Amino acid sequence: LTMSIDGRLYLSHVDILSYNFDTSITDLEWHHLCMVRSGGLFRLYVDGLPGGQVNVPGNILTTGPFTIGALPDFINDQYYAFWGTLDELSLYPRELAESEIVALAGAAGGKCTEVVPSVPACEPQPTGLVGWFPLDDDATNLADASLSGGTSAAAFGPGYVRKAAFFDGVNP
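Residues numbered from 1 in each chain as written. Predicted model: local features only at pLDDT ≥ 70, side-chain atom pairs only at ≥ 80, totals over all residues. Heavy atoms only, no water.

Description of a nonpolar patch on the surface
(1) Moving on: Residues Leu28, Trp83 and Phe166 make up a contiguous nonpolar surface patch of about 400 Å² in total accessible area.
(2) Moving on: Classification of Phe166 by relative accessible area gives partly exposed; the value is 35%. (Patch = residues over 30% accessible without salt bridge, like charges linked within 9 Å, V, L, I, M, F, W, Y side chains within 5 Å. Areas by Shrake-Rupley, 256 points an atom, 1.4 Å probe, with all protein chains shown as cover. Salt bridge = Lys/Arg side-chain N within 4 Å of Asp/Glu carboxyl O. Buried < 20%, exposed > 50% of the residue type's maximum accessible area, 1.4 Å probe, protein only.)

See the structure below:
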């Protein structure tokens, strides 16, 4: 999932394919984004509401390394770097139900690491979570530490839930 400089959201495999969702985010508020895949159909949800869909014919890469926020290398003489703040990235090996998407979008406290009375309402983790990157201080994967990554492009600071990763759109 990629965002262009003008706020358009699209599915992209850098330098291979790009599909526009015809949805944009142009304010500076926090938004919950969820992309669900069913075969070649990718559906986008913004703040729990449908935000468009694209159909990708053929196979799409689903194995191998991935990046959060920026690619570490030049591709066609340019870096691909996100400008903005990311918080609470999650990956599931299954399609989430709309009710799960709505619940996660509305959780003021994010996903629960544990039940603590002083923490605002958090949402229990949906079943099958394989990647959960809170992005509080690093790219640790709380669902599977063996899939944790580096943080070369990120700075960490205030987020929607605890802390978040900020990317400057320049540095890989």
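The discussion continues.
Some details on the sheet that holds strand β4 (residues 33-38)
(1) Moving on: On the basis of which strands lie adjacent, the open sheet formed by 3 strands has the order β4-β5-β6 and antiparallel pairing. On the outer flanks of this sheet lie β4 and β6 (49-55), each paired with one strand and no other. Ignoring which end each strand starts from, the neighbouring axes of this sheet average 20 degrees apart.
(2) Moving on: Pairing of β4 with strand β5 (residues 41-46) involves 6 bridges; the strand directions are antiparallel. (Pairing = 2+ DSSP bridges. Helix = DSSP H or I, 4+ residues; strand = E, 2+ residues; numbered from the N terminus. Axes fitted to C-alpha atoms, helices over the stretch in contact; angles between N-to-C directions.)

Side note on the sheet that holds strand β11 (residues 163-168)
(1) Moving on: As summarised here, the arrangement of the 3 strands in space is β7-β11-β10, forming an open sheet in which the pairing is antiparallel. The open sheet has two free edges, formed respectively by β7 (83-86) and β10 (154-158), since each of these has just one partner strand. Strand-to-strand twist across the sheet, computed as the mean angle between neighbouring axes with direction ignored, equals 30 degrees.

Observations regarding the side chain of Asp87
(1) Moving on: In this fold, Asp87 is placed in the loop between β7 and β8 (89-91).
(2) Moving on: No salt bridge is formed by the buried Asp87; the nearest opposite charge belongs to Arg162, separated by 6.6 Å.
(3) Moving on: A polar atom in the side chain of Asp87 sits 2.8 Å from the backbone nitrogen of Val161.
(4) Moving on: Ignoring anything within four residues of it in the chain, the contact list for Asp87 reads Trp30, Pro134, Leu135, Asp136, Gly159, Tyr160, Val161, Lys163 and Ala164. (Lys, Arg positive; Asp, Glu negative; His and termini not counted. Polar contact = N/O pair within 3.5 Å; in protein donor to acceptor, adjacent residues only side chain to side chain. Contact = heavy atoms within 4.5 Å.)

A word on the pattern of salt bridges
(1) Moving on: Following the criterion strictly, the structure yields 6 salt bridges and no others.
(2) Moving on: Here Arg43 ties to Glu95 by a salt bridge, and the two come within 2.6 Å at their closest N and O atoms. Within this pair, whereas Arg43 is found in strand β5, its partner Glu95 is found in the loop between β8 and α1 (98-105), the two being separated by 52 residues in sequence.
(3) Moving on: Glu95 sits in the partly exposed class, given a relative accessible area of 33%.
(4) Moving on: For Asp136, the salt bridge identified is with Arg162, shortest N-O distance 3.3 Å. Of this pair, Asp136 sits in the loop between β9 (131-133) and β10 while Arg162 sits in the loop between β10 and β11, and the two are 26 residues apart along the sequence.

The values reported here are purely geometric and, on their own, carry no functional implication.
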